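An overview of the molecular structure
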Amino acid sequence: MAKKSKQFLAASEKVEKGTHYSAKDALALVKEIDFAKFDATIEVAYRLGIDTRKNDQQIRGAVVLPHGTGKTQRVLVFAKGDKAKEAEAAGADYVGENELADKIQGGWFDFDVIVATPDMMGQVGRLGRVLGPKGLMPNPKTGTVTMNVAKAVEEIKAGKVTYRADKQGNIHVPIGKVSFDSEKLFENFKTIHDVVQRAKPATAKGQYIKNLSVTSTFGPGVKVDTSSLER
């Protein structure tokens, strides 16, 4: 187990063990105890009572946060002809076909999100082994396989985030930076929370949200009372 730094331990002492803070109080505390020497990312983490081995309990999607994440995403678009021109006009950082696939195959990853038109998925599909483990494979469920490439690029640039439950039923989503105004962080938090709530599978049994916490890049987690996001 990695040894915790003195800064982390000092920050942890300010978090009351066993306490579930209101969302607003949790965000305020995370901002207060952050000790990074840069503008750290604030992330929310859900532990859900779902069985991801069942197809109807796999949770995945995307949502545009009202105040963005504080990070400008670099978008790569696989498209040709008029769709390539639309992607470029919308602000895509890279647009192309085989030449981009070859660069990625060679180990190039200077981008954050990939968007592809359906007709390009044959080329993109062969990159599954390198894109899949990094979570970069385009998917219709997240709006990254689409003919409306301009809208996809614009939404990603505006602060669209993707969410996906891992095998243990955990979801991690960035909601902004420590420098964000507390109210903006709360509105981003509320947006993703509403989406996760609506995504509850009809077949899921027992408690759906088992644990919810918020943390900064290096800071300790702060548990959140989910009822504070449902008022």
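Residues numbered from 1 in each chain as written. Predicted model: local features only at pLDDT ≥ 70, side-chain atom pairs only at ≥ 80, totals over all residues. Heavy atoms only, no water.

**Topic: the overall build of the chain**
In terms of regular secondary structure, the chain is built from 8 helices and 9 strands. Compactness check: the chain gives a C-alpha radius of gyration of 19 Å against a globular reference of 17 Å for 231 residues, within 12% of the reference. Contacts in the chain between residues at least 24 apart in sequence constitute 73% of all its contacts with a sequence separation of at least 6. Computed over 36 positive and 28 negative side-chain charges, the separation of the two mean positions in the chain equals 7 Å. (Helix = DSSP H or I, 4+ residues; strand = E, 2+ residues; numbered from the N terminus. Rg over C-alpha atoms; globule rule 2.2 N^0.38 Å. Contact = heavy atoms within 4.5 Å. Lys, Arg positive; Asp, Glu negative; His and termini not counted. Charge placed at Lys NZ, Arg CZ, Asp CG, Glu CD.)

**A few points about helix α2 (residues 23–33)**
Counting along an α-helix, one turn takes 3.6 residues, and residues three or four places apart therefore face a common direction. For α2, the full list of buried residues reads Ala23, Ala26, Leu27, Leu29, Val30 and Ile33. In a view along the axis of α2, the buried residues occupy a sector of 165°, so they form one face of it. If you follow the buried residues of α2, they end up packed against α1 (6–12), β1 (41–48), β7 (170–177), α8 (182–198), β8 (209–216) and β9 (222–223). (Buried < 20%, exposed > 50% of the residue type's maximum accessible area, 1.4 Å probe, protein only. Arc of directions from axis to C-beta.)

**Let's talk about the packing of α2 against α8**
Axis separation between α2 and α8 bottoms out at 10 Å; the angle between their running directions is 125°. Classified by the angle between their axes, α2 and α8 sit oblique to one another. Once α2 is placed against α8, the crossing between them reads as right-handed. Contacts from Ala23, Lys24, Leu27 and Lys31 of α2 reach α8 at Ser182, Glu183, Leu185, Phe186 and Phe189. Across the contact of α2 with α8, the residue classes break down as 5 nonpolar, 1 polar and 3 charged. (Axes fitted to C-alpha atoms, helices over the stretch in contact; angles between N-to-C directions. Parallel < 35°, antiparallel > 145°, perpendicular 65-115°, else oblique. Left-handed = near helix turned anticlockwise from the far one by under 90°. Nonpolar A, V, L, I, M, F, W, Y, C, P; charged D, E, K, R; others polar.)

**Quick notes on the side chain of Thr144**
If you trace the backbone, Thr144 turns up in the loop between α6 (128–131) and α7 (149–158). The buried category is assigned to Thr144, whose relative accessible area is 6%. A distance of 2.8 Å separates a polar side-chain atom of Thr144 from the backbone nitrogen of Asn139. A polar atom in the side chain of Thr144 sits 2.9 Å from the side chain of Thr142. Once residues lying within four places of it in the same chain are set aside, the contact partners of Thr144 are Val113, Ile114, Val115, Ala116, Pro138 and Asn139. (Polar contact = N/O pair within 3.5 Å; in protein donor to acceptor, adjacent residues only side chain to side chain.)

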